[in-house]
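# Coordinate analysis (summary)
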Amino acid sequence: MRFSYSQVSMYETNPWKHFCNYVLNLYPPQSEQAERGTDVHSAFEEIAQYSLKNPDANLVEWLDNWHNNKDIEEGKSLGDETHMIVRRYLMNYGGYGKGILGENRLPWKDAVKIEVEKKVLTTFDNIDFVGYIDLVVHHEDGSVSLYDYKTLSNKPSVYEYTYGMQGNLYISAMQNLGYKVREFVFDAMNPKKDIPWNGYRFFRIELPVNPNVVDMCVKRFVKIANTILKNPSYHNTDRKSVV
């Protein structure tokens, strides 16, 4: 049986919700927020791949053309809300191409290769781990940077994300697979259309590779997963993998 960060985290914070989702298979309908997050992730996948092949491209212009293309096949069009969120992100981090907006701080700017939605499988002690990383950026020196996109209405806590399990588990998982991890980055963006002048719009949390914190989070993950395994009422043995 494989465990994901989301499953273990849900058990830790809300065992009843975990029981409904992972044992009874009672999943609630996908919320508007979840659908929005999925659409934004998909847009970033397309942009990153295009940008790597066209490093001098004006990505804002390319995004606008994608949004305005009414002849595109159904399911691949870019909705108004997704367009607004991603466009603001590109304008903030330098999506106009080289030399026009100044410093380019897009995640893939120095990449020699990128991977999107990378599936990660590894083992922590006796626990099999499975997860997906939004973006893996490969650098010239052989190291990788890991990115996770967040669409959050409230500004995320640096402390909670720095010492939380998600980023540190992925750092450890990639190290187990032989990668030299440079950092894990949470890229948060506010999805609201109207944001007060003093409200947060973008927030980037960069996790350095801290072996002590990584080890602490792995041990916490293993302990909770073993607790689930020791309580048959809280896991479904028919399910080999849960994400």
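Before going into details, it helps to say that this report is about the structure given with it. (Residues numbered from 1 in each chain as written. Predicted model: local features only at pLDDT ≥ 70, side-chain atom pairs only at ≥ 80, totals over all residues. Heavy atoms only, no water.)

## Points about the packing of aromatic side chains
In total, this model carries 16 aromatic pairs according to the counting rule given. For the ring pair Tyr-89 and Tyr-93, a centre distance of 4.7 Å and an interplane angle of 55 degrees mean the geometry is tilted. Residue Tyr-89 and its partner Tyr-93 are located together in helix H5 (residues 80–93), separated by four residues, close to a single helical turn. Across this residue pair, the class does not change: Tyr-89 and Tyr-93 are buried. Judged by centre distance (6.2 Å) and plane angle (10 degrees), the rings of Tyr-170 and Phe-184 are stacked. Here Tyr-170 is found in helix H7 (residues 165–176), whereas its partner Phe-184 is found in strand S5 (residues 180–189), with 14 residues between them in sequence. (Phe/Tyr/Trp six-rings, centres within 6.5 Å; stacked < 30°, edge-to-face > 60°. Helix = DSSP H or I, 4+ residues; strand = E, 2+ residues; numbered from the N terminus. Buried < 20%, exposed > 50% of the residue type's maximum accessible area, 1.4 Å probe, protein only.)

## A word on the nonpolar core
Counting residues in each nonpolar core, the largest one holds 32 residues, and the members touching the most others are Phe-124, Phe-129, Leu-146 and Phe-221. When contributions to this core are tallied by element, the ones reaching two or more residues are helix H1 (5–13), strand S2 (113–124), strand S3 (127–138), strand S4 (143–151), H7, S5, strand S6 (202–208) and helix H8 (211–229). Examining the composition of this core, we find that nine residues originate from one element, H8, more than from any other. Among all residues touching Phe-129, those that are not within four sequence positions of it are Phe-3, Ser-4, Tyr-5, Val-120, Leu-121, Thr-122, Phe-124, Leu-169, Tyr-170, Ala-173 and Phe-221. Phe-44, Leu-59, Tyr-93 and Tyr-149 belong to the second-largest nonpolar core, a separate cluster that totals 27 residues. (Core = buried A, V, L, I, M, F, W, Y, C linked by side-chain atoms within 4.5 Å. Contact = heavy atoms within 4.5 Å.)

## Section: the environment of Asp-141
Tracing the backbone shows Asp-141 in the loop between S3 and S4. In the structure, Asp-141 is positioned 39 residues away from Lys-180 in sequence and 9.5 Å away in space, judged by C-alpha atoms. Of the polar contacts made by the side chain of Asp-141, one reaches the side chain of Ser-143; its length is 2.6 Å. (Polar contact = N/O pair within 3.5 Å; in protein donor to acceptor, adjacent residues only side chain to side chain.)

## Some details on a nonpolar patch on the surface
A cluster of nonpolar side chains, contributed by Tyr-159, Tyr-163 and Met-216, occupies part of the molecular surface with about 350 Å² of accessible area. Inspection of the secondary structure puts Tyr-163 in the loop between helix H6 (158–162) and H7. Tyr-163 gets classed as partly exposed once you look at its relative accessible area, which sits at 37%. (Patch = residues over 30% accessible without salt bridge, like charges linked within 9 Å, V, L, I, M, F, W, Y side chains within 5 Å. Areas by Shrake-Rupley, 256 points an atom, 1.4 Å probe, with all protein chains shown as cover. Salt bridge = Lys/Arg side-chain N within 4 Å of Asp/Glu carboxyl O.)

## What to know about the pairing of S3
Judged by how many residues are buried, S3 sits mostly within the fold: ten of twelve residues are covered. Pairing between strand S1 (residues 2–3) and S3: two bridges, direction parallel. Each bridged residue has a counterpart across the sheet, and for Arg-2 the counterpart in S3 is Asp-128. As paired strands, S2 and S3 are joined by eleven bridges and run antiparallel to one another. Across the sheet, residue Lys-118 finds its bridge partner in S3, namely Ile-133. In this antiparallel pair of consecutive strands, S2 and S3, the connection spans two residues, and Asp-125 shows a positive phi of 55 degrees. (Pairing = 2+ DSSP bridges.)

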